[in-house]
Amino acid sequence: MSAPGPDAPTPLTPLPRARRRRRSPLPVVLGVAALVGLTATIAFGNLNRSLEYFVTPSEYQQQQAQLQGRPVRIGGLVKAVQYEPQTLDLRFTVTDGSVSYPVQYRGAVTDLFKEDQGVVVRGEFQGNTFHATDLVVKHSEEYNVPKTQAELKDMIKSAD
């Protein structure tokens, strides 16, 4: 073999292995902490404004300063019903036996709604009158399937 000439390539020597730069985990940790903080602020910051309390008329009377102007559900018995089917205006009083508040509601009313029936109304107090947006009527939780035709007729008569 011949000796390498001046133009001949020189044999390559392997380069030393490159050192990897170790990245700091600090930016990732700070980013995750910021996301968790932002999520918690959004979730819990607005939570108090969206809470809807369920109270009886007596409880509302005791907490009136705190609950005035906030969405509330108030429950009790129905008294003094005045309903106009043409205009769908309903006025009644909700009571728990010791305290009563007048309620105004506009909308269709179910057949289960009547005097001395349990009710839960959702809305806001404006002054001393409760302006309801939703009306939930309590009914019997007991259902018995009639076994005979006579029982069916009796059940229909008792519903009227």
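On a predicted model such as this, the values are computed, not experimentally measured, just so you know.

**Student:** Explain the overall build of the protein chain residue by residue, including any values.
**Tutor:** Counting its regular elements, the protein chain contains 5 helices and 6 strands. For the protein chain, the α and β elements follow one another from N to C terminus as α-α-β-α-α-β-β-β-β-β-α. A total of 160 residues make up the protein chain; the buried ones form 19% of that total. Of all intrachain contacts in the protein chain linking residues separated by at least 6 positions in sequence, the fraction that spans at least 24 positions is 45%. Carbon together with sulfur atoms contributes 56% to the accessible area of the protein chain, which is approximately 12,900 Å² in total.

**Student:** Lay out the pattern of salt bridges in plain terms, naming residues and giving numbers.
**Tutor:** By the definition in use, this model includes 3 salt bridges. A salt bridge links Lys79 to Asp116, with the shortest nitrogen-to-oxygen separation between them at 2.3 Å. Taken together, the positions of Lys79 in strand E2 (residues 72–84) and Asp116 in the loop between strand E4 (100–106) and strand E5 (118–126) put the pair 37 residues apart, joining distant regions of the chain. Residue classification places Asp116 among the partly exposed residues on the basis of a relative accessible area of 48%. Close ionic contact of Arg106 with Asp89 constitutes a salt bridge, the shortest N to O distance being 3.6 Å. Taken together, the positions of Arg106 in strand E4 and Asp89 in strand E3 (residues 89–95) put the pair 17 residues apart, joining distant regions of the chain. Residue class for Arg106 comes out exposed when judged on its relative accessible area of 58%.

**Student:** Quick rundown of the confidence of the model for the protein chain? Include the residues and the values.
**Tutor:** Confidence along the protein chain averages 81 in pLDDT terms, with 85% of residues attaining 70 or more. No element of the protein chain has a lower mean pLDDT than helix H2 (residues 47–50), at 63, and none a higher one than E4, at 90.

**Student:** Would you mind going over the pairing of E2 in detail, with residue names and values included?
**Tutor:** Pairing between strand E1 (residues 53–55) and E2: 3 bridges, direction parallel. From the neighbouring strand, Val55 faces E2, where its bridge partner is Ile74. Pairing geometry for E2 and E5, over 6 bridges, is antiparallel. Considered in E5, the bridge of Arg73 is made with Arg122. Examined bridge by bridge, E2 and E3 share 6 bridges and lie antiparallel to one another. Bridging across to E3, Val78 finds its partner in Val94. Connecting the antiparallel pair E2 and E3 is a turn made up of 4 residues, with Leu88 showing a positive phi of about 60°.

**Student:** Just give me the short version of the packing of aromatic side chains, but keep the residues and values in it.
**Tutor:** Inspection of every chain in the model, using the stated rule, returns 4 aromatic pairs. For the ring pair Tyr60 and Phe125, a centre distance of 3.8 Å and an interplane angle of 15° mean the geometry is stacked. Remark: Phe125 occurs in strand E5 and Tyr60 occurs in helix H3 (residues 57–62); sequence separation between them is 65 residues. Here Tyr101 and Phe125 contribute two aromatic rings whose centre-to-centre distance is 5.0 Å and whose plane-to-plane angle is 75°, an arrangement assigned as edge-to-face. You can see Tyr101 sitting in strand E4 and its partner Phe125 sitting in strand E5, a full 24 residues away along the chain. An aromatic cluster is built from Tyr60, Tyr101, Phe125 and Phe130, whose rings are joined through pairwise contacts.

**Student:** Just give me the short version of the side chain of Ser58, but keep the residues and values in it.
**Tutor:** Within the fold, Ser58 resides in helix H3. Separated by 2.5 Å, the side chains of Ser58 and Asp96 make a polar contact. Excluding residues that lie within four positions of it along the chain, Ser58 makes contacts with Asp96, Ser98 and Val99.

Cut-off values and rules
- Residues numbered from 1 in each chain as written.
- Predicted model: local features only at pLDDT ≥ 70, side-chain atom pairs only at ≥ 80, totals over all residues.
- Heavy atoms only, no water.
- Helix = DSSP H or I, 4+ residues; strand = E, 2+ residues; numbered from the N terminus.
- Buried < 20%, exposed > 50% of the residue type's maximum accessible area, 1.4 Å probe, protein only.
- Contact = heavy atoms within 4.5 Å.
- Areas by Shrake-Rupley, 256 points an atom, 1.4 Å probe, with all protein chains shown as cover.
- Salt bridge = Lys/Arg side-chain N within 4 Å of Asp/Glu carboxyl O.
- pLDDT = per-residue confidence, 0-100.
- Pairing = 2+ DSSP bridges.
- Phe/Tyr/Trp six-rings, centres within 6.5 Å; stacked < 30°, edge-to-face > 60°.
- Polar contact = N/O pair within 3.5 Å; in protein donor to acceptor, adjacent residues only side chain to side chain.

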